[in-house]
Amino acid sequence: MLRQMTGPGRFDLRFLFALLLILSTASAAMAERRAALVIAENDYRLIRPLANPVNDGEIMETVLRKLGFEVFLETNRDLRRMRRALDDFREDAKGADVALVFFSGHGVEIAGENRLLPVDADASSLATLERTSLPLEEIRATVAATSKVGLIVLDACRSDPFAATGGEGRGATALVKEVSDKVRPGLGRIGRAENILFAFSAAPGETAADGTDQNSPFTAALTKYLGTEGLEIRSVLTLVQQEVYDLSRGKQLPYVESGLPQLFFAASAKEKLPERERLLLAMAEVTPAMRGEVEKIASDADMPLAPLYGALISSDAGHLSADSLNARLREAADAFVKVRSEMQTLGSDDLRVSALRRQAEEQLSLGAFDAARKKLAEAAEIDSVSRNALKANFVSRTLSEAATRYLSGGAARADLDYATAIRDYESVLALYGEAGQVVLSLDDADRLIRTLDELGKLYTTVGNIDAAGRAFEALQADLERRSHHETDPNVKRDFAVSHVKLGNVRMAQGNLPSALQNYETAKTILQGLTEAEPDNLEWFGDLAMADDKIGNVLATQGDLAGAAEVYQESLSIKKQLAAGEPDRAELQRDLTITYDEIGHLAHIAGQLDNAQAAYEESLKVRLALAAANPGDADRQRDVSVSHDTIGDLLRERGDAAGALAAYKEGLAIVKQLAKRDPDDTELKRDLSVGNAKIGNALSDQQNWPAALSAYREALSQASALAAGDPNNTEWQRDLSVCIEKVAGVLAIQGDHKGALKAYLDSYAIAQRLAKLDPANSDWQRDLSITLSEVARLRLRQRDVRGARQALQDSLAIREKLARSDPDNATWQRDLVVAYIDYAQVAKDPKAVLSKALDMTLELDRSGRLAPRHKFMIKFLRERLARIEARRR
């Protein structure tokens, strides 16, 4: 491998000291002298021969001549003749304004020195290989002596020249240990590159493909873009780099280093670059971490890279969390795979339409979404003109146009262009309407179903819930009609799932009774299907999903017992599925979600033993999943979440030490993950939350200095996130909570002025959030807590009037929350605390405290008062006794 430069002249594709080739005009070519030496080596005698270098050399010769270069082509030269060619070039090109050397063949690094291999290279020993290979330094010296401005382009990092091959007895010589220890295929970094630009076909230390066509991928891209009008060499090489990277699906990434002393600028291009080229240039700006994410998702989906990069770059993804962005990219990948499959299988009676659809598929794979949709628009126009001109084929042409518009919608979907996708899908529905009441083929009927489904999902994504409801209603009606006369049980399954989708919309609209009815209908249908085909595991998964949905509605309605019952039914199904396929991680993870739901319900209901048992089962599964794949960050994060959840429960039970230990385990995992991915904002938030939880446990132990330190660490992390995105309400809420944590300790330590200032800062945030969404119970509860803390500090400052107003506002919020869900033990206890606080300024404190005691006793009687809160009974009785004693 050639060692590429490490000094200050290192080329970066974003701020290269670039050489401009004035590529396009004859006058520019006449104004300066350009010379190029092209060396291409195919027929290696003692190591693995190659198929394409001579082809590469010949096409480079053609392209360079068109650009005004005087070209000297040398093919299949041994070391002696390679050196003679360099000497001749040094003489013939002396004084040229630009000198370029292109080498195509094998290249290696020997003990840190970069070498190119002539056809007589011999690897039988290290000394022999060194003696029969050409140091790259000789080429550099030749270029430097020939011209003040030089380029060395090396398509030389070919796949391992020492690998054994079959066919016609021209295998490689195996490397002896002495050689293999010090020789690596491919090229490394350059140590010096004064006045010269180096372009490598692969990254340092990596090998490059020879190519399955006439040319290598690197040379094919280089010759494609080198003559592009108006492009400087920086842009040319960026296009080459990203084209090879894309077409190799991330396996090969060309690399460039520059030692040029000055920057040349090109004349403006006459026309805007094509969409594909604009995408390639933008891809170069994507961060390495995001490249890894795109490559993984593309690999999972078995798709090209460019469409995903196109979706990433064109969508407004800057505000998304890491998880949300991952989900968005997977959505784009799924849409691409679907529309590509449909483009490949969908036929047409019109050959022109078929050809345009094929061209659209090619453009889509290159990430050229606009170009793909343009081809599809041309195809649709052909059908549109034909159906209006020839009424005899009106229906068939209308359905053909609908199919093309459907493909166009899929292309927009893959680009995450929701508005365009919606327009295309709506036009599909309109065309089906124009076709009239005809008997659709199965393909057309399925396409109509998919169109309605996509519309429903898209309208949900963009927040148009009413339109989503209309789409899913139409989907449900169509599937119900088909289920009556089609025998395929999958139609009934789709009918059941359409009820789930419509139920989701009803939930979003707040129509819980209708949502519950939809979910229960889906469950009934799925129960029938699973009874008829008990071996169809997918349908059992659907049935468990329906149970989960029903449980969510019941929990929201306050029917905790009913919700727990259906969650248990879901858990039973998921256990069977997971036991049947123990290697399927997603089934195991589904189990943890249901365990957490059951634990959460029990926690809310004050059934702490049941809650802890469920949470610990969830943790057990997550630990096993994480141990099976330690490199999976999502699995590790799930474990940290379980530790935090158990820590919360242990605090509720009064076990501060146990809670602290659980929180520390969770935070340790998050710290390791954040070290791996320091830019992940979700992990940054996890760090803040983890430190705040540790502060809570330390506060329970009354270790105030340590608690304050943990809270301030959490506040620092939350402040950085909130400042980075003021519109992220979750981060703003985190900031408010952290401020209050610090304020609480300051108040305990006697810094009442500092505590009040902090609480008022928090109040400003909490009030803004509560106004944004009055229906958000968490934000309303936050506001009530902040008001009560402000009131306490105002009382310390003898501001009774201000304290009374704050306590009244807090009490009003908590009374409303408690009325909305009588079974929510947390909200009932919050109301008790609000009564206790308000009693300090109430005209009749006895009445207020009596009400608080009655509520506390009821919570205790029903088993919903946590052990750590049982002291409240004694506290209230003592307060009432003191009031009664004063009255006597």
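Residues numbered from 1 in each chain as written. Predicted model: local features only at pLDDT ≥ 70, side-chain atom pairs only at ≥ 80, totals over all residues. Heavy atoms only, no water.

(A) The arrangement of helix H2 (residues 53-66) in detail. Along its 14 residues, H2 runs 20 Å from first to last C-alpha, staying within 8% of the 20 Å computed at 1.5 Å per residue. Burial in H2 covers these residues: Pro53, Val54, Asp56, Gly57, Met60, Glu61, Val63 and Leu64. Elements that come into contact with the buried residues of H2 comprise strand S1 (34-40), strand S2 (69-75), strand S3 (98-104), strand S7 (150-155) and helix H7 (217-225). Once H2 finishes, glycine 68 follows within two positions and takes phi at roughly 90°, a positive value. (Helix = DSSP H or I, 4+ residues; strand = E, 2+ residues; numbered from the N terminus. Expected span 1.5 Å × (residues − 1). Buried < 20%, exposed > 50% of the residue type's maximum accessible area, 1.4 Å probe, protein only. Contact = heavy atoms within 4.5 Å.)

(B) Summary view of the packing of helix H33 (residues 825-838) against helix H35 (residues 871-887). At a minimum axis distance of 12 Å, the contact between H33 and H35 shows a crossing angle of 25°. Viewed along their axes, H33 and H35 adopt a mutual orientation that is roughly parallel. For the pair H33 and H35, the sense of crossing is left-handed. Contacts from Arg829, Val832, Val833 and Ile836 of H33 reach H35 at Met872, Phe875, Leu876 and Arg879. Here the residues of the contact of H33 with H35 sort into 6 nonpolar, no polar and 2 charged. (Axes fitted to C-alpha atoms, helices over the stretch in contact; angles between N-to-C directions. Parallel < 35°, antiparallel > 145°, perpendicular 65-115°, else oblique. Left-handed = near helix turned anticlockwise from the far one by under 90°. Nonpolar A, V, L, I, M, F, W, Y, C, P; charged D, E, K, R; others polar.)

(C) Inspection of a negative patch on the surface at higher detail. Taken together, the side chains of Asp87, Asp88, Glu91 and Asp92 make up a negatively charged region of the molecular surface. A relative accessible area of 60% means that glutamate 91 is categorised as exposed. (Patch = residues over 30% accessible without salt bridge, like charges linked within 9 Å, V, L, I, M, F, W, Y side chains within 5 Å. Areas by Shrake-Rupley, 256 points an atom, 1.4 Å probe, with all protein chains shown as cover. Salt bridge = Lys/Arg side-chain N within 4 Å of Asp/Glu carboxyl O. Lys, Arg positive; Asp, Glu negative; His and termini not counted. Charge placed at Lys NZ, Arg CZ, Asp CG, Glu CD.)

(D) Highlighting the environment of serine 777. Along the polypeptide, serine 777 turns up in helix H31 (residues 777-796). In this structure the C-alpha to C-alpha distance between serine 777 and isoleucine 813, which are 36 residues apart in sequence, comes to 9.4 Å. In this structure serine 777 touches Leu817 and Trp827, once residues within four positions along its chain are discounted.

(E) Up close: the pairing of S3. Of all the 7 residues making up S3, 7 are buried; the element is thus mostly covered by neighbouring parts of the structure. Taking every second residue as pointing to the same face, both faces of S3 are buried, with Val98, Leu100, Phe102 and Ser104 on one and Ala99, Val101 and Phe103 on the other. By the bridge criterion, 7 bridges tie S1 to S3 in an arrangement that is parallel. Bridged to arginine 34 within S3 is valine 98. Here S3 runs beside S7; their pairing, made up of 6 bridges, is parallel. In the strand pairing of S7, serine 104 is matched with aspartate 155. (Pairing = 2+ DSSP bridges.)

(F) Quick peek at the sheet that holds S2. As summarised here, the arrangement of the 6 strands in space is S2-S1-S3-S7-S9-S10, forming an open sheet in which the pairing is mixed. Two strands lie at the open edges of the sheet, namely S2 and strand S10 (255-258), each paired on one side alone. Taking the axes of each pair of neighbouring strands and ignoring which way they run, one obtains an average angle of 10° across the sheet. Strands S3, S7 and strand S9 (196-200) of the sheet are contacted by H7, whose axis makes an angle of about 140° with S7.

(G) Unusual backbone geometry, seen in detail. At asparagine 76, a residue that is not glycine, the phi angle is positive and equals roughly 50°. Turning to its location among the elements, asparagine 76 is positioned in the loop between S2 and helix H3 (79-92). Unlike most non-glycine residues, aspartate 302 shows phi in positive territory, near 55°. With respect to the helices and strands, aspartate 302 occurs in the loop between helix H10 (288-301) and helix H11 (306-314).

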